[in-house]
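Residue-level structure breakdown
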Amino acid sequence: ETGVTQTPRHLVMGMTNKKSLKCEQHLGHNAMYWYKQSAKKPLELMFVYNFKEQTENNSVPSRFSPECPNSSHLFLHLHTLQPEDSALYLCASSPGGQGITDTQYFGPGTRLTVL
Amino acid sequence: GNSVTQMEGPVTLSEEAFLTINCTYTATGYPSLFWYVQYPGEGLQLLLKATKADDKGSNKGFEATYRKETTSFHLEKGSVQVSDSAVYFCALTGRNRDDKIIFGKGTRLHILP
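All figures in this text were calculated on a predicted structure; none of them were measured in a lab. (Residues numbered from 1 in each chain as written. Chains lettered and ligands numbered in written order. Predicted model: local features only at pLDDT ≥ 70, side-chain atom pairs only at ≥ 80, totals over all residues. Heavy atoms only, no water.)

As for the pattern of salt bridges
Applicable threshold: Should a side-chain nitrogen of Lys or Arg be within 4 Å of a carboxyl oxygen of Asp or Glu, the pair is scored as a salt bridge.
This model, assessed by the stated rule, comprises five salt bridges over all chains. Close ionic contact of A:E44 with A:K41 constitutes a salt bridge, the shortest N to O distance being 3.6 Å.

Focus on the pairing of strand β3 (residues 18-25) of chain A
All names here are of chain A. Our working rule: Whether two strands pair depends on DSSP finding at least two bridges between them. Helix and strand definitions here come from DSSP, where helices need a minimum of 4 consecutive H or I residues and strands a minimum of 2 consecutive E residues; each element is numbered from the N-terminal end.
Judged from the four bridges that link them, strand β1 (residues 4-7) and β3 form a sheet pairing that is antiparallel. Within β3, the position partnered with T5 by the bridge is E24. Examined bridge by bridge, β3 and strand β8 (residues 73-79) share seven bridges and lie antiparallel to one another. When the bridges of β8 are listed, K19 appears paired with L78.

A short note on the interface of chain A and chain B
Our working rule: Residue contacts are defined here by distance: any two heavy atoms, one from each residue, within 4.5 Å place the two residues in contact. Put simply, buried area is how much 1.4 Å-probe accessible surface two parts lose in total, over both of them, once they are put together. Here a polar contact is recorded for every N or O atom pair within 3.5 Å, except that within protein the pair must consist of a potential hydrogen donor and a potential acceptor, and residues adjacent in sequence are included only if both atoms are side-chain atoms. Each residue gets one label: Ala, Val, Leu, Ile, Met, Phe, Trp, Tyr, Cys and Pro are nonpolar, Asp, Glu, Lys and Arg are charged, and the others, such as Gly, are polar.
On the chain B side, the residues contacting the 20 residues of chain A number 20 residues. With both chains or domains summed, chain A and chain B bury close to 1,600 Å², and 53% of this area falls on carbon and sulfur atoms. Our enumeration of links across chain A and chain B arrives at five residue pairs in polar contact (both at pLDDT 80 or more). A breakdown of the residues in the side of chain A that touches chain B according to their chemical character gives eight nonpolar, 10 polar and two charged.

So, in C-alpha cells, the structure goes:
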C-alpha cells in the first residue's frame with residue numbers, strides 16, 4: 001500500500017537542529033493528520049487539516065509546527081526538540097468532509113530520535 | 001468523555017488457535033467503532049469497522065460485533081496465522097464533525113509456528 005508516503009523513515013537529530021518531516025498522499029483525500037506514537041502510550045493526535053485548514057491542534061508544543069500547502073502534502077517542522085519527543089510520527093489521510101470521523105489511511109511513519 | 005479500553009498484551013498464541021482481543025468503550029450517543037492493525041515497521045491500517053449497534057465488521061477472517069448493551073467491540077479470529085502477528089488497536093469516533101478519533105493503547109499479538 002503506497003497511498004500515504006512519509007519521508008524520511010528514520011531521523012536522528014540534536015536538540016538544536018531544525019528538520020522537517022514530509023507526508024504525501026495519493027488517494028485524493030482532503031483531510032490529513034499528524035500523530036505521535038510513543039512506547040507504552042496511546043496514539044496521540046497532534047494536528048488535523050481539513051481542506052488545507054487546520055481544524056485541530058491538540059495542545060502541541062510550539063516546537064512542532066505543521067504546514068499544509070495543499071491537500072496532498074503535509075509537513076511537520078521541528079526545532080529545539082527534547083529527548084522525550086523521540087517517537088514514531090505517523091501521518092494519515094481521510095476523504096474529508098465529515099471531519100475526523102472518516103476512516104483514516106496511515107503512512108509508515110518516521111522514527112525520530114532526539115539526542 | 002469518550003474512551004476505549006482494550007486488553008493488555010502481549011498475547012501469545014500458537015498457530016491455528018482461536019483469538020479474542022477484548023475492547024470496551026465509553027461514549028455518549030452512538031459512536032463508530034474500528035479495529036486497526038499495525039504490522040512491524042508499518043503504519044496503522046484499517047482492519048474492520050462497524051457504524052451502528054449489532055453491525056458485524058469482518059475482514060481477513062477477523063470479526064467484531066458492535067454490542068451496545070455491553071459497550072464492547074471484541075476482535076475474534078477462528079484460526080490465527082503467524083502472519084497475524086502485529087499490534088491491534090481498537091478505536092472509536094463520535095458522530096459529530098468535531099469529535100476526535102480515540103485509540104486504545106494497542107494489544108501486541110505474537111503467533112508461534
